[in-house]
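What follows is each chain in one-letter form.
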Amino acid sequence: GEVVERPAAALKELVENAIDAGATRIGVALVDGGLTRLEVTDDGCGMSADDIRLALERHATSKLPDEAIELVSTLGFRGEALPSIASVARLMIESGPHGVETGWRVVVDHGEKLEEAPAAVPPGTRVRVEELFAKVPARRKFLRTARSEYIACLDVVRRLAMARPDIAFTLENGA
């Protein structure tokens, strides 16, 4: 899986997932520069309960269409970093495909699945990451100030937004 070094690394993976999901709108919300919480909400294709479960499995990916590696044209849709992020944080995924009345919610706390249930969600996906490295103090001590982590997250969003002017991005940093 991917290595999650700081909030900006997790954010980059989550925004790339939203892009690969065909989102036309991506909202990013940070608390303390992502140290306390980061959240990515998109209006992409969404995921079924089975897709969410698979995306949280180690070494799972949905970017290989029919095992034809030469046809990979995504940024790593839903499956590269989610298990890595879930192993070092509290991760909540709420998602529902378009045309489906009820979506699904899964909560994983530092690698342990806590909740899995139907959820009333709009089409698309919302991923919330909290308590990054709370149970890995050796990693947590290498994080910088909330301002420094915010600047790194802002840089990630700016770069991805400039690369995809067809997608509406919003970024909030606060409580």
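Residues numbered from 1 in each chain as written. Predicted model: local features only at pLDDT ≥ 70, side-chain atom pairs only at ≥ 80, totals over all residues. Heavy atoms only, no water.

Novice: Hey, could you run me through the pattern of salt bridges in this one?
Specialist: Pairing between side chains becomes possible if they bear opposite charge and their charged atoms approach one another. Taken as a whole and judged by the stated rule, the model has 14 salt bridges. Where Glu-94 meets Arg-126, a salt bridge forms, and the shortest distance between an N and an O atom there is 2.4 Å. Here Arg-126 lies in strand 6 (residues 124-130) and Glu-94 lies in strand 3 (residues 90-96), a separation of 32 residues in the sequence. Note on Glu-94: relative accessible area 6%, which makes it buried. Beyond isolated ion pairs, a larger network of salt bridges with shared partners links Glu-39, Glu-94, Arg-105, Glu-115, Arg-126 and Arg-128. (Salt bridge = Lys/Arg side-chain N within 4 Å of Asp/Glu carboxyl O. Helix = DSSP H or I, 4+ residues; strand = E, 2+ residues; numbered from the N terminus. Buried < 20%, exposed > 50% of the residue type's maximum accessible area, 1.4 Å probe, protein only.)

Novice: Even after reading the chapter, I still don't get the confidence of the model for the chain, so can you show me in this structure?
Specialist: Fine structural detail should not be taken from predicted coordinates in areas where pLDDT scores are low. When the pLDDT values of the chain are averaged, the result is 89; 86% of them are 70 or greater. Below a pLDDT of 50 lies the segment residues 74-78, which in the model reaches 23 contacts outside its immediate sequence neighbourhood of four places, other chains included. (pLDDT = per-residue confidence, 0-100. Contact = heavy atoms within 4.5 Å.)

Novice: Before we go on, may I ask you to explain the pairing of strand 2 (residues 37-42) in this structure?
Specialist: Regular strands show a simple pattern: their side chains alternate between the two faces of the sheet. As defined by bridge partners, strand 1 (residues 25-31) adjoins strand 2 across 6 bridges and the pair is classed as antiparallel. Opposite Ile-26, over in strand 2, you have Asp-42 as the bridge partner. From the end of strand 1 to the start of strand 2, which pair antiparallel, there are 5 residues, and Asp-32 there has a positive phi angle of about 55°. Direction of pairing for strand 2 relative to strand 6: antiparallel, over a ladder of 6 bridges. Pairing of Arg-37 across the sheet is with Glu-130, part of strand 6. (Pairing = 2+ DSSP bridges.)

Novice: I would appreciate a short explanation of the environment of Pro-118 in the present structure.
Specialist: Structurally, Pro-118 is set in strand 5 (residues 112-119). Separated by 15 residues in the primary sequence, Pro-118 and Gly-103 have C-alpha atoms spaced 5.8 Å apart. Ignoring sequence-local partners within four residues, the contact set of Pro-118 consists of Thr-102, Gly-103, Trp-104 and Arg-105.

Novice: I keep staring at the sheet that holds strand 5 and nothing clicks. Help me out?
Specialist: Across a sheet, paired strands are connected by hydrogen bonds in the backbone, their directions being either parallel or antiparallel. The mixed open sheet is built from 7 strands, whose spatial order is 5-4-3-6-2-1-7. Two strands lie at the open edges of the sheet, namely strand 5 and strand 7 (168-173), each paired on one side alone. In this sheet, adjacent strand axes meet at a mean angle of 10° when their direction is disregarded. Contacts from helix 1 (residues 7-20) reach strand 1, strand 2, strand 6 and strand 7, with the element oriented near 10° to strand 2. Contacts from helix 5 (residues 146-163) reach strand 1 and strand 7, with the element oriented near 175° to strand 7. (Axes fitted to C-alpha atoms, helices over the stretch in contact; angles between N-to-C directions.)

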